[in-house]
Amino acid sequence: MAKLKVGILTSGGDCPGLNATIRGAAKGCYNLFGEDKVEIIGIHNGFYGLIHNDCEKMSPIDFAGILTRGGTILKTKRTPYKMMQVVEEDNVDKVSEMKKTYKAQKLDCLLTLGGNGTHKTANLLSEEGLNVIGLPKTIDNDIWGTDVTFGFHTAVDIATDVIDRIHTTADSHSRVMVIEIMGNKAGWLTLYSGIAGGADIVLIPEIPYDINKVADAVKKRAEEGKSFSIIAVAEGAMDKEEAEMKKKIRMKARAEQGYNTATLRITKEIETLTGFETRAVVPGHMLRGGSPSAYDRVLATKFGARAAELIKQKKFGYTVAKVDGKITENKLTDVAMKTKFVLPDDELVITGKNIGISFGD
Ligand code: F6P
């Protein structure tokens with residue numbers, strides 16, 4: 001009998017836990033079906049590899065020793081969803097090529113590990129008739145329908161360590177330190193690491209700030225005898241005026257001022273408004289590097305193993321999720337076009353406010 005053929009790809013920005021999830025899914029499949037009855041096909045560089053039939057037959061040994069490894073053994077690439085159905089200069093019909101590769105590789109199903117963009121394309125392929133199962137990855141934790149994504153808690157740990165380290169130097173120099181944390185649309189990573197790292201001010205895209213209120217919070221701390229302040233700023237944070245603008249207009253206005261994100265502008269404004277020496281720190285992609293935390297290794301293993309069970313049940317068109325502490329799955333169609341934002345009345349925002357953290361609102 002022909003072997004069951006399972007394709008796996010990782011798409012979008014990487015994060016710790018991708019390899020642990022790949023391993024969980026592969027080991028789950030080998031256990032459920034038998035090593036001699038299933039073949040795993042690794043697809044390189046995400047959907048780009050599926051478009052260009054860049055695939056590799058994998059064997060059980062390929063999945064050994066990767067639990068703790070950061071990044072992705074399959075490599076990844078950003079292939080924006082909005083361009084998936086657009087034929088560009090290279091004349092390649094991407095959707096049709098992906099379907100061709102699926103057929104040429106004789107796949108029975110495809111596991112797609114990725115964030116919101118990946119889930120949109122996964123849903124598109126599912127609607128095109130392919131057997132697709134998603135696995136929710138991102139340090140942003142913004143995939144709808146799951147309490148948590150793998151990679152998030154490792155990034156929270158790293159960002160918290162950054163804030164901890166900045167604390168001591170902020171204290172020594174009596175400075176205001178503005179730390180930019182990744183997260184363009186959603187502020188989960190800044191919120192969690194800001195609370196865990198004891199930031200004094202937390203600015204996230206979902207709660208537009210007023211720079212005067214931020215400056216007031218810094219001045220109030222100084223009046224209370226605190227010689228330094230820590231401001232955790234999400235990459236996508238914006239002030240109240242910017243929040244009224246369309247994204248394109250906001251980005252154009254920032255580019256004219258020489259900024260991509262609000263971080264450097266906040267740093268200058270705070271120095272001017274408070275008179276305190278202020279510095280900016282951008283850890284950037286460090287937040288996505290290195291080995292997954294124990295929490296993420298466990299979550300990734302559970303997610304991967306669940307994907308294998310879904311294959312066994314022939315339950316396609318779903319993405320794995322964790323809801324109220326239990327591993328479950330959501331329909332791709334229900335998840336694909338949504339984003340899980342921080343709500344201004346989220347329990348953690350309220351907790352922060354209750355202990356005196358300013359959100360600049
Ligand atoms: O989606 C994850 C993420 O890390 C975002 O927080 C960040 O805005 C973006 O990726 C950075 O993307 P890139 O790696 O393409 O610079």
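Please refer to the structure higher up on the page.
Here the structure is a predicted model, which means the values were calculated and not measured.

1. With respect to the pairing of strand β11 (residues 326-331)
Put simply, side chains in a regular strand alternate between the two faces of the sheet.
At step 1: Two elements, strand β10 (residues 318-323) and β11, share 6 bridges in a ladder whose sense is antiparallel. In the strand pairing of β11, Ala-321 is matched with Thr-328.

2. Topic: the sheet that holds strand β8 (residues 229-234)
At step 1: A sheet is described by the order of its strands in space; here 4 strands give the open sequence β7-β8-β6-β9, paired in parallel fashion. The strands lining the two open edges of the sheet, one partner per strand, are β7 (201-203) and β9 (278-281). On average, adjacent strands in this sheet sit at an angle of 20° to one another, irrespective of strand direction.
At step 2: The pairing of strand β6 (residues 176-181) with β9 spans 4 bridges and is parallel. Bridging across to β9, Ile-179 finds its partner in Val-281.
At step 3: Packing of helix α5 (residues 152-173) onto the sheet brings it into contact with β6, β8 and β9, and relative to β6 it is tilted by some 165°.
At step 4: Along the sheet face, helix α10 (residues 263-274) touches β6, β7, β8 and β9 and points at about 170° away from the line of β9.

3. With respect to the nonpolar core
As a rule of thumb, soluble globular proteins bury nonpolar side chains together.
At step 1: In this structure, Leu-111, Leu-189 and Ile-230 are the most contacted members of the largest nonpolar core, which totals 63 residues.
At step 2: Top element by residues in this core is α5. It accounts for 8 residues.
At step 3: When residues of this core are assigned to domains, at least three fall in each of domain 1 (4-150 + 292-335) and domain 2 (155-287).
At step 4: Sequence-distant contacts of Ile-230, that is, excluding residues within four places in its chain, are made with Ile-163, Ile-166, His-167, Ala-170, Met-177, Ile-179, Ala-199, Asp-200 and Ile-201.
At step 5: Of all hydrophobic cores here, the second largest spans 19 residues; its members include Leu-50, Val-92, Leu-110 and Leu-125.

4. Considering the sheet that holds strand β1 (residues 4-10)
Whether parallel or antiparallel, the strands of a sheet pair through hydrogen bonds between backbone atoms.
At step 1: Pairing in this open sheet of 7 strands is mixed, and the strands run β3-β2-β1-β4-β5-β10-β11 from one edge to the other. A strand with exactly one partner marks an edge of an open sheet, and here the two such strands are β3 (55-58) and β11. Sheet twist, expressed as the mean angle between neighbouring strand axes with direction ignored, is 30°.
At step 2: Pairing geometry for β1 and strand β2 (residues 38-43), over 5 bridges, is parallel.

Conventions and cut-offs
Residues numbered from 1 in each chain as written. Predicted model: local features only at pLDDT ≥ 70, side-chain atom pairs only at ≥ 80, totals over all residues. Heavy atoms only, no water. Pairing = 2+ DSSP bridges. Helix = DSSP H or I, 4+ residues; strand = E, 2+ residues; numbered from the N terminus. Axes fitted to C-alpha atoms, helices over the stretch in contact; angles between N-to-C directions. Contact = heavy atoms within 4.5 Å. Core = buried A, V, L, I, M, F, W, Y, C linked by side-chain atoms within 4.5 Å. Buried < 20%, exposed > 50% of the residue type's maximum accessible area, 1.4 Å probe, protein only. Domains from an automatic or database assignment.

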